[in-house]
Amino acid sequence: MNQQQDSIHATHEVSGHLPQRAVADSQRVQRPEKQLTPYQVLSKLPKDATPAQQDSAIQATFHQENLHLSTRPDTLHLPGHDKGKGPKDVSLPQYYRESFFSNDTLLHPEISGGRYGVAGDPVPYTISGDNTITSLLLICFVVAMISFGRSHDFIFRQAKGFFSVPHSGLTTEVTETTGEFRFQFFLGALTCLLASIITFFYVQDRVADTFILRSQYMLIWIFFGCFLGYFLLKSLLYAVVNWAFFDKKSNRTWQKTLLFMVCVEGVAIFPLVLLQTYFNMSMQNAIIYALVVIVLTKILVFYRSYIIFFRQNGAFLQNILYFCALEIVPLFSLGGLLVTIVDFLKINF
């Protein structure tokens, strides 16, 4: 017993006299190393390491262990099919590996063949949902309000004296400022734009909806140019004829009357555009509305031309010839021009 106790004490004494560094080294060897994470491995690389270098570092640190697949037969299979084969059998049938178009040079399986599912019905086109038409109408409304606010006194004075009969020795001419005259031209341009929109609606509904233009809205601007040229050309013809046959004062009064009637025509067809756009007014009623506005305007022009030029002479027949030559003929010429343009631009199927 004494010898055993001595040996035990001796062992403790020897271990007690071991250096601390040797004990620490023995503990470091026995302690398992902590597994690094991929983030720690990549953080040790330089910041400019390429993806290939990062992949090499990951593969060098982590080794994939061999997978031991089960060799037991697979008894889970669909009814009516053969039993499952071994898990190592990954061969595909021939009709999966080849297709009828495999040797076709036009086959490009890398290109997407389209979206999955069934496409829904497209939202039908409506004029009220057209942003371009809405923007044009908003511009027309703003221009009309500004023009009316700047020249409403002059418009009321001219409307008041429209049906008055001029007397000799008395002046009935309505004077206007430069600003009022300028805003009347804006209302005239507004009339051209509204007339072009109405014509566009009619063409879309009754003639065709596809044209050889990059955008169908270009047709509106073509119509706008036609109407603007029509009013300018008619005004030029009136100036030339009136300069040859009538005095300067009557010519100036007539030019103001003509510009006033163009503005009235634009104000009259503005509700038609709104009804056609946002209240689904039928095209037949829209045509009747437009014809009524045109006929009433021409009647007022005929009356005013008689009052200014032919009342004193009593030349009613000359007034009819004057009106037909400078109002009816240009109007029918404009209609023929618009029909020719539409026939040339539309796509015939």
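Calculation notes
- Residues numbered from 1 in each chain as written.
- Predicted model: local features only at pLDDT ≥ 70, side-chain atom pairs only at ≥ 80, totals over all residues.
- Heavy atoms only, no water.
- Helix = DSSP H or I, 4+ residues; strand = E, 2+ residues; numbered from the N terminus.
- Buried < 20%, exposed > 50% of the residue type's maximum accessible area, 1.4 Å probe, protein only.
- Contact = heavy atoms within 4.5 Å.
- Areas by Shrake-Rupley, 256 points an atom, 1.4 Å probe, with all protein chains shown as cover.
- Core = buried A, V, L, I, M, F, W, Y, C linked by side-chain atoms within 4.5 Å.
- Axes fitted to C-alpha atoms, helices over the stretch in contact; angles between N-to-C directions.
- Parallel < 35°, antiparallel > 145°, perpendicular 65-115°, else oblique.
- Left-handed = near helix turned anticlockwise from the far one by under 90°.
- Nonpolar A, V, L, I, M, F, W, Y, C, P; charged D, E, K, R; others polar.
- Phe/Tyr/Trp six-rings, centres within 6.5 Å; stacked < 30°, edge-to-face > 60°.
- Patch = residues over 30% accessible without salt bridge, like charges linked within 9 Å, V, L, I, M, F, W, Y side chains within 5 Å.
- Salt bridge = Lys/Arg side-chain N within 4 Å of Asp/Glu carboxyl O.
- Polar contact = N/O pair within 3.5 Å; in protein donor to acceptor, adjacent residues only side chain to side chain.
- pLDDT = per-residue confidence, 0-100.

A.B. asks: Please give an account of the overall build of the protein that cites residues and values.
C.D. replies: Helix and strand content of the protein: eleven helices and zero strands. Reading the helices (α) and strands (β) of the protein from amino to carboxyl end gives α-α-α-α-α-α-α-α-α-α-α. Sorting the 349 residues of the protein into buried and exposed places 27% on the buried side. Contacts spanning at least 24 positions in sequence make up 72% of the contacts within the protein whose residues lie at least 6 apart. Counting only carbon and sulfur atoms, one obtains 63% of the accessible surface of the protein, whose full area is about 25600 Å².

A.B. asks: Tell me about the nonpolar core, residues and numbers included.
C.D. replies: Across soluble globular proteins, nonpolar side chains show a tendency to be buried alongside one another. Counting residues in each nonpolar core, the largest one holds 57 residues, and the members touching the most others are I197, F201, F223 and W254. Counting only elements with at least two residues in this core, the list comes to α6 (131-160), α7 (178-207), α8 (218-245), α9 (248-278), α10 (283-310) and α11 (316-345). Among the elements that line this core, the one with the most residues is α7, at eleven residues. For F223, the contacting residues outside a window of four places in its chain are S196, T199, F200, V203, L338 and V342.

A.B. asks: Can you tell me about the packing of α10 against α11, naming the residues and giving the values?
C.D. replies: For the pair α10 and α11, the least separation of the axes is 10 Å and the interaxial angle reads 140°. Here α11 runs oblique to α10, going by the angle between their axes. As α10 packs across α11, the resulting crossing turns out to be right-handed. Contact with α10, carried on its side by I294, K298, V301, F302, S305, Y306, F309 and F310, involves F316, Q318, N319, I320, Y322, F323, E327 and L331 of α11 and no other residues of that element. Of the residues that constitute the contact of α10 with α11, the class distribution is eleven nonpolar, three polar and two charged.

A.B. asks: Can you break down unusual backbone geometry residue by residue, with the values?
C.D. replies: With phi around 55°, N280 is a residue other than glycine that occupies positive phi space. Within the secondary structure, N280 is located in the loop between α9 and α10.

A.B. asks: Please give an account of the packing of aromatic side chains that cites residues and values.
C.D. replies: Centre-to-centre distance and the angle between the planes together describe a pair of aromatic rings. Evaluated as defined, the whole model comprises 13 aromatic pairs. Considering the side-chain rings of F309 and F310, the 6.3 Å spacing of their centres and the 70° angle between planes classify their relative orientation as edge-to-face. Judged by its relative accessible area of 6%, F309 is buried. Residue classification places F310 among the buried positions, given a relative accessible area of 8%.

A.B. asks: For the environment of V143, give the residues involved together with the corresponding values.
C.D. replies: One can find V143 in helix α6. Using a relative accessible area of 27% as the deciding quantity, one classes V143 as partly exposed. Here the alpha-carbon distance between V143 and L187, two residues 44 residues apart in the chain, equals 7.5 Å.

A.B. asks: Give me a nonpolar patch on the surface: which residues, what numbers.
C.D. replies: A cluster of nonpolar side chains, namely L138, F141, V142, M145 and I146, defines an oily patch on the protein surface of about 460 Å² accessible area. Position of M145 relative to the elements: it lies in helix α6.

A.B. asks: So, the environment of K234: which residues are in play, and what are the values?
C.D. replies: As for its placement among the helices and strands, K234 is situated in helix α8. The class of K234 is buried, set by a relative accessible area of 5%. With 92 residues separating them in the primary sequence, K234 and L326 have C-alpha atoms 6.9 Å apart. Contact partners of K234, with chain neighbours within four places excluded, come to K298, L326 and E327.

A.B. asks: Any details on the side chain of S250? Residues and values, ideally.
C.D. replies: Along the chain, the position of S250 falls in helix α9. Classification of S250 as buried rests on a relative accessible area of 14%. At 2.9 Å, the side chain of S250 forms a polar contact with the side chain of D247. With residues near it in sequence (within four places) discarded, S250 still touches I308 and F309.

A.B. asks: Lay out the pattern of salt bridges in plain terms, naming residues and giving numbers.
C.D. replies: Enumeration over the complete set of coordinates arrives at four salt bridges. With a shortest N-O distance of 3.4 Å, K234 and E327 are connected by a salt bridge. A residue pair is termed long-range when its members are at least 10 positions apart, and K234 in helix α8 and E327 in helix α11 qualify at 93 residues. A residue is classified by how much of its surface remains accessible, and E327, at 0% relative accessible area, is buried.

A.B. asks: I'd like a description of the side chain of T191, backed by residues and values.
C.D. replies: Within the secondary structure, T191 is located in helix α7. Separated by 2.9 Å, the side chain of T191 and the backbone oxygen of V262 make a polar contact. Apart from the residues lying within four places of it in its own chain, the contact partners of T191 are V262, C263, E265, G266 and I269.

A.B. asks: An account of the confidence of the model for the protein is requested, with residue identities and associated values reported.
C.D. replies: Chain-level statistics for the protein give a pLDDT mean of 77 and a share of 73% at 70 or above. Across the protein, the element-wise mean pLDDT spans from 42 in helix α1 (residues 2-16) up to 90 in α8. Across residues 1-32, where pLDDT falls below 50, the model places one contact with residues more than four positions away in sequence or in other chains.

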